[in-house]
Amino acid sequence: MGAATGIMNDFSHLPSVDTLLRADQATDLIKQYGRELTLAAIRDTLDDIRMHLKTPDEASEPLNDQRLLKIASVRLQSWLAPTLCPVINATGVILHTNLGRAPLSQSAQQALLAAASGYNTLEYDLLNGSRGSRTVHASNLLCRLTGAEAALVVNNNAAAMLLVLSAFARRKGVVISRTQLVEIGGGFRIPEVMAQSGARLIEVGTTNRVSLADYESALERDPIALLHAHHSNFKIIGFTSEPALKDLADLASRNHLLMIDDQGSGALLDTAHFGLGHEPTVQESLAAGCDLVCFSGDKLLGGPQAGIILGKNELVAKLKKHPLARAMRVDKLCLAALSATLIHYLKGDAENQIPVWRMISETEASLKLRTSAWQATLDFGTIIGGLSTVGGGSLPEETLPTSLLALDVRNPHNFMVKLRQVDPPVIARIENDQVMLDPRTVLPAQDTALLSALQKTLD
Ligand SMILES: *Cc1c(COP(=O)(O)O)cnc(C)c1O
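Keep in mind the model is a prediction, meaning the values are calculated, not measured.

1. Description of the domain arrangement of the chain
Often, the extent of an interface is quoted as the loss of accessible area on bringing the components together. Once the domains are mapped, the chain shows domain 1 (11-80), domain 2 (88-96 + 356-458) and domain 3 (104-351). On a C-alpha basis, the centres of domain 2 and domain 3 stand 33 Å from each other. Contact with domain 2, which involves 16 residues of that partner, is made by 19 residues of domain 3. Of the roughly 1,500 Å² buried at the junction of domain 2 and domain 3 (both faces included), carbon and sulfur atoms supply 68%. The largest contributions to the domain 2 side of the interface with domain 3 come from Trp357, Leu395 and Pro396, which together make up 42% of the buried area. Where domain 2 packs against domain 3, one counts one salt bridge. Lys235 is the salt-bridge partner of Glu398, the closest N and O atoms lying 3.7 Å from each other.

Quick look at the structure:
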């Protein structure tokens, strides 16, 4: 008997899809996952076995109906397993781009839920019972907060920059310093965004130094705007200089050019109050005289992903009418969460209510109380001093002193792998061959889950 006959014989034992569907377990699966999906999983399971099983011996357990349906059920689970799931961030990087940047405040979460669960006034004017505009929602709060004349919210800061440059600088020159031709990460490169918008790049200065005179000499190349971009995620040190934003804005104003600032982080509070370096604020950009200021909603602002554009009335009006604005518009969920976040700043409780600022302002002493409690519960690990970072393309090289729980485990790498397999997964970091847990970025409500994950992994 040849091998081919052997395979045929083996497969002839496999039940048909219809037979499997009639089994009790299949009924349960259909209840849980629906008929179409269950059918697809059963078909896939059978196909897989026909393709991969060469001889009957390879099946460690007999492939009876029960076992086949079990395999189908595992397949169904993995098809529907969430890919976007909550994790515990024990890395100490506050704005961790890979972990979703800023967690939202309680009231932003409530606003999200309220907007999600029913109808709302997204584009409805209650007073007149007529069509309203979605652009009003966060805008009035942004203007009140910053003193800007007008505001527009789009999908993210990359979109904001693309919109601004497309609307005002298409086929026109834009002057930017070589010190600021930056890549932010996630594929955002200032020169590429400029090229995409159709703007002509006019580079001035050198990699490390640029002067006002450099900008002045570029004026003969007939630009429409000066662009200033925050360095965001890197720092130039040593023999460096850049003119103050105010001097650039004055130069732009004297020459009837637009002054555009890619402010980046959306800092509305002064980070220097928390022992960090000073991150330029949105208010400072406006006070310097910039015509348009762009920044992210989910960095130091501490809100949802968004790109915020502030500026003069007639400029923002032109942006609103641009076809790209429609393509980049934000949804009701974003506007709800953003508005709630902005209200914290207006009421003066941002530092207590917005998780990013609560994390920034937490002292080493209070963090040490948490690592001590963790250590006591686990009866394992040593408490050592360490450093947290802000992350998210702001304040590079700046750190906050923290208290770490250091775990001396046999294989730190394997331990981290195991920690990531718990539900919810824990993301930590390795330093000096130890697994380090930083309480700064672990939300207090997650302490119990963190400890149970650690206990399971330590066992
Ligand atoms: C982060 C950042 C961006 C990109 O913002 P997204 O909201 O992530 O699109 C652009 N410019 C600067 C200076 C930044 O820091």
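So, next bit.
2. Some points on the nonpolar core
Residues Leu226 and Leu310 are the most contacted members of the largest nonpolar core, which totals 56 residues. When residues of this core are assigned to domains, at least three fall in each of domain 2 (88-96 + 356-458) and domain 3 (104-351). Once residues lying within four places of it in the same chain are set aside, the contact partners of Leu310 are Leu142, Thr146, Ala148, Ala150, Ala151, Val282, Leu286, Asp291, Leu292, Val293 and Phe295. Formed by 33 residues, the second largest nonpolar core is a distinct cluster that contains Leu152, Ala160, Phe168 and Ala199.

3. Re the layout of surface pockets
The calculated volume of the largest pocket comes to roughly 650 Å³. If you trace the largest pocket, you find 22 residues lining it, with Pro86, Val87, Leu99, Gly100 and Pro103 closest to the centre. Its residues placed into classes, the lining of the largest pocket shows 11 nonpolar, nine polar and two charged. Two domains each donate at least three residues to the lining of the largest pocket, and these are domain 2 (88-96 + 356-458) and domain 3 (104-351). Approximately 540 Å³ is the volume attributed to the second largest pocket. Every residue lining the second largest pocket is counted, 23 residues in all, and those nearest its centre are His230, His231, Glu242, His278 and Pro280. Contributing elements (two or more residues each) for the lining of the second largest pocket: strand S10 (223-229), strand S11 (258-264) and helix H12 (282-287). When its residues are assigned to classes, the lining of the second largest pocket shows nine nonpolar, eight polar and six charged.

4. Section: the pairing of strand S14 (residues 382-391)
Two faces belong to every sheet, and in a regular strand the side chains alternate between them. In this structure, strand S2 (residues 93-95) lies alongside S14, joined through two bridges in parallel fashion. Paired with Leu95 across the bridge in S14 is Gly391. Across eight bridges, the pairing between S14 and strand S15 (residues 399-407) is antiparallel. Paired with Thr382 across the two strands is Ala406, which belongs to S15.

5. Brief notes about the sheet that holds S14
Reading across the sheet, the five strands line up as S2-S14-S15-S18-S17 and stay open at both edges, with mixed pairing between neighbours. Two strands close off the open sheet at either side, each with one partner strand: S2 and strand S17 (429-431). Each adjacent strand pair in this sheet contributes to an overall mean axis angle of 45 degrees, direction not counted. Both S17 and strand S18 (residues 434-437) contribute to a ladder of three bridges, which runs antiparallel. Bridge pairing in S18 places Ile430 opposite Val435. Relative to the sheet, helix H18 (residues 364-378) contacts S14, S15 and S18, its axis offset from that of S15 by approximately 10 degrees. On top of the sheet, helix H19 (residues 412-419) reaches S15, S17 and S18; it is set at about 165 degrees to S17, its chief contact.

6. Points about the site of the ligand
Taken together, Arg101, Asn156, Asn157, Ala158, Ile184, Phe188, His230, Ser232, Asp262, Gly264, Ser296 and Lys299 make up all the residues around the ligand. Between an oxygen atom of the ligand and a main-chain N or O atom of Asn157, the distance comes to 2.9 Å. Contact between the ligand and Lys299: an oxygen atom at 2.7 Å from a side-chain N or O atom of the residue. Alone, the ligand offers 380 Å² of accessible surface; in the complex the protein occludes 94% of this. Counting residues per element, the ones that place at least two in the shell around the ligand are helix H8 (157-169) and S11. Grouping the amino acids of the shell around the ligand by side-chain chemistry returns three nonpolar, six polar and three charged.

Criteria and cut-off values
Residues numbered from 1 in each chain as written. Predicted model: local features only at pLDDT ≥ 70, side-chain atom pairs only at ≥ 80, totals over all residues. Heavy atoms only, no water. Domains from an automatic or database assignment. Contact = heavy atoms within 4.5 Å. Buried area = accessible area lost by both parts, 1.4 Å probe. Salt bridge = Lys/Arg side-chain N within 4 Å of Asp/Glu carboxyl O. Core = buried A, V, L, I, M, F, W, Y, C linked by side-chain atoms within 4.5 Å. Buried < 20%, exposed > 50% of the residue type's maximum accessible area, 1.4 Å probe, protein only. 1 Å grid on protein atoms, 1.4 Å probe; cavity = no way out; pocket = protein on both sides within 12 Å on 5 of 7 lines; lining within 4 Å. Points joined across faces, edges and corners; volume = space filled by probe spheres on them. Nonpolar A, V, L, I, M, F, W, Y, C, P; charged D, E, K, R; others polar. Helix = DSSP H or I, 4+ residues; strand = E, 2+ residues; numbered from the N terminus. Pairing = 2+ DSSP bridges. Axes fitted to C-alpha atoms, helices over the stretch in contact; angles between N-to-C directions. Near = heavy atom within 4 Å. Polar contact = N/O pair within 3.5 Å; in protein donor to acceptor, adjacent residues only side chain to side chain. Areas by Shrake-Rupley, 256 points an atom, 1.4 Å probe, with all protein chains shown as cover.

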